[in-house]
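Close look at the chain arrangement
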Amino acid sequence: MKIIKIFFILIVYFSVLINISSQSDTIELKKFTAIDTFNLKNYVLPDLKYKSLGFGFDLNTNSNDANSDYNTGSTIEKDNFSSFNFKSHLSLNRYHYINSSKKQSSGRDQFNFNVGYNKVKAWDSIDSDIEWTLGPNFYSERSYKYFNSKNYFLELTSDLSGMFGGYTLLFDFPILLGEGYQIYSGNKNSYNLSFRPGIGIGKGRIEDVTDAWHTIRILKDLEREKLLTDVPDPGQILSIAKRISEIKNDRIFDSRMRRKENLKRLDEALFNTGLIRQRNIDYYKSLFDMWSYGIDFRRLSNRDISLNFAPLISVWNDDYIENNYNGLTSGFRAGLSYNSYNPLNMFWQFDFNATLDFNYIYDKQFLFNYNSAQKSGFLTPSINARLINFISSRAYFSTSFNGQFNYLIYQGSYKADTHSFRINFRNNFVYYLSPSTSLNVSLDFGWYFDKYDSDLYFKNNGFGHTFNIGFNHYFY
């Protein structure tokens, strides 16, 4: 039954994707070999600053089925359980990016307000544990890369995050008391604050090639309208792309004035190359359409590899009103990372990321009058591979594989065989309703395995899938 359900979800998902995408008059269906073969990796951004501010809303459902074995003290017991989770959140996002030959810096700030519902049920039980969560959280990250002439770099980073939430546990409903129904078993309020600065050294440089790709799409549409006087050469393409990079990042807050100024300067850039001789209604119609709707995605190119080190400090409290359970976590992460972004052609992109991290954690917990401390070290290799198909000027589809292995190699004086696997396949579809507003739909399938074998024994494995739908709107 579960296989049929998953198959049905896939059929509906891809049917909607295909039908929405087919509504677009897409230049991807028009081949123009002379510029389709232009290598996007040849483009290097000029000096610029880029900023964006937007908000989004997501609805997310998650379902898991799992099997577990655990030690009760005398025997190994088996258990099966299922869980269902529903979440929604409203987010405010701010992003900025600075590029020059000597420096690349980026920053992201995000504020979310979350509402969640979680239900867990053992398969051999008629009872379910239900939990509601409500609360805000925020995340802020910064990265500063300083390059020399051979693209060796020094990187400084910082991550700051915080969570403030309340959650309510429910009795099995209803419970009839003398004064009516008792629904809630208790309210709790928690928080978590974490800060992780970091430093790294590496080789390579990732470039944003979006504007070169945008140039290709503009020229292809002009060719479709039979307005080009000649086949664009790589030098002309690069010249127009650099002009687009300068134009699109000018800060003009009045959208009408910004559009008029942008189109005026783009028209000049095209005319100066000699590729345009005739300015008619078809020309201006094409220029306006492809400037506004020609590209709403960002594409990266090239690769880098780096060594990094980042200490961690985190404080948390499971119920700060009662203040019975809280803790302090410190430690560090040291690792090696490799990133590769490869524009295969105008229609396909392949990205690959791999990391090998060692995480050392010193965790102090305070429960009522009992204090405990634990040291542990984990080795964590992970990989991520993503293939993207740009279906049209308004839509793209991506599929990705994520794998992570977590192995305990140190735990103070304890000896334990502890490791876990995470494997996930994600399918994501994005459609732009307007240049500023996008609809995104994703469907994930995952498998996980956890094992802890010491004085106690625990093993858990399961399969789950997640469906998410949301939209994002950017003010600029």
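It should be emphasised that the depicted structure is a prediction, and the values quoted were computed from it without experimental measurement.

Some points on the overall build of the chain
- When its secondary structure is counted, the chain shows six helices and 17 strands.
- Burial status across the chain gives 40% buried among its 476 residues.
- In the chain, the share of contacts with a sequence separation of at least 24, taken over all contacts with a separation of at least 6, comes to 69%.
- With the model as given, the accessible surface of the chain reaches about 26,100 Å², and the carbon-plus-sulfur share is 58%.

Quick word on the packing of aromatic side chains
- Counted by the stated rule, this structure contains 14 aromatic pairs.
- Seen in terms of ring centroids, Phe332 and Tyr360 are 5.6 Å apart; in terms of plane orientation they differ by 25°. Their pairing is stacked. With a gap of 28 residues between them, Phe332 in strand E11 (residues 325-343) and Tyr360 in strand E12 (residues 348-367) connect regions that are remote in the sequence.
- Look at Phe332 and you get partly exposed, because its relative accessible area is 25%.
- You can call Tyr360 partly exposed: its relative accessible area is 21%.
- Ring centres of Trp447 and Phe449 lie 6.4 Å apart, and the angle between their planes is 15°; this geometry places the pair in the stacked category.
- The rings of Phe405, Tyr407, Phe421, Trp447 and Phe449 are connected pair by pair, giving a single aromatic cluster.
- Here the basic side chain of Lys145 rests over the ring of Phe153, its NZ or CZ set 4.7 Å away from the ring centre.

Points about the environment of Asp233
- Position of Asp233 among the secondary structure elements: in the loop between helix H3 (210-224) and helix H4 (234-248).
- Within the local environment of Asp233, its side chain forms a polar contact with the backbone nitrogen of Gly235, the two atoms lying 3.0 Å apart.

Re the environment of Leu40
- In this fold, Leu40 is placed in the loop between helix H2 (33-36) and strand E1 (48-71).
- Given a relative accessible area of 3%, Leu40 falls into the buried group.
- Taking the C-alpha atoms as reference points, Leu40 and Ile216, 176 residues apart in sequence, are found 9.5 Å from one another.

Quick notes on the pattern of salt bridges
- This structure, assessed with the given rule, holds 14 salt bridges.
- The residue Arg243 makes a salt bridge to Glu246 at a minimum N-O spacing of 2.9 Å. You can see Arg243 and its partner Glu246 sitting in helix H4, three residues apart, about one turn around the helix.
- Here Arg243 falls in the partly exposed class, since its relative accessible area comes to 27%.
- Its relative accessible area of 35% is what places Glu246 among the partly exposed residues.
- In this structure, the salt-bridge partner of Arg386 is Asp351, at a minimum N-O distance of 3.4 Å. Of the two residues, Arg386 is situated in strand E13 (residues 370-390) and Asp351 in strand E12; the sequence distance between them amounts to 35 residues.
- Residue classification places Arg386 among the partly exposed positions, given a relative accessible area of 29%.

Analysis parameters
- By convention here, each chain's residues receive numbers from 1 onward along its written sequence.
- The predicted nature of this model means local features are confined to residues of pLDDT at least 70 and side-chain atom pairs, given and counted, to a pLDDT of 80 or more, with totals for whole chains, interfaces and linings taken over all residues.
- The side-chain values count all of the structure's non-hydrogen atoms but skip hydrogen atoms and water molecules.
- Only DSSP runs of H or I reaching four residues or more are called helices, and only runs of E reaching two or more are called strands; each is numbered from the N terminus.
- The buried label applies to any residue whose accessible area, calculated with a 1.4 Å probe on protein chains only, is under 20% of its type's maximum; exposed applies above 50%, and partly exposed to all values in between.
- Any two residues having at least one pair of non-hydrogen atoms within 4.5 Å are treated as being in contact.
- Each accessible area is a Shrake-Rupley estimate made with a 1.4 Å probe; only the visible protein chains count as cover when residues are assessed.
- Only the six-membered ring of Trp is used, alongside the rings of Phe and Tyr, when aromatic pairs are assigned; centres must lie within 6.5 Å, and planes under 30 degrees apart are stacked while those over 60 apart are edge-to-face, with the rest tilted.
- A ring has a charge above it when a Lys NZ or an Arg CZ is no more than 6 Å from the ring centre and no more than 35 degrees off the ring normal.
- Residues adjacent in sequence count toward polar contacts only when both atoms are side-chain atoms; beyond that, a polar contact is any pair of N or O atoms within 3.5 Å, and within protein one must be able to donate a hydrogen and the other to accept it.
- Counted as salt bridges are all cases of a side-chain nitrogen of Lys or Arg within 4 Å of a carboxyl oxygen of Asp or Glu.

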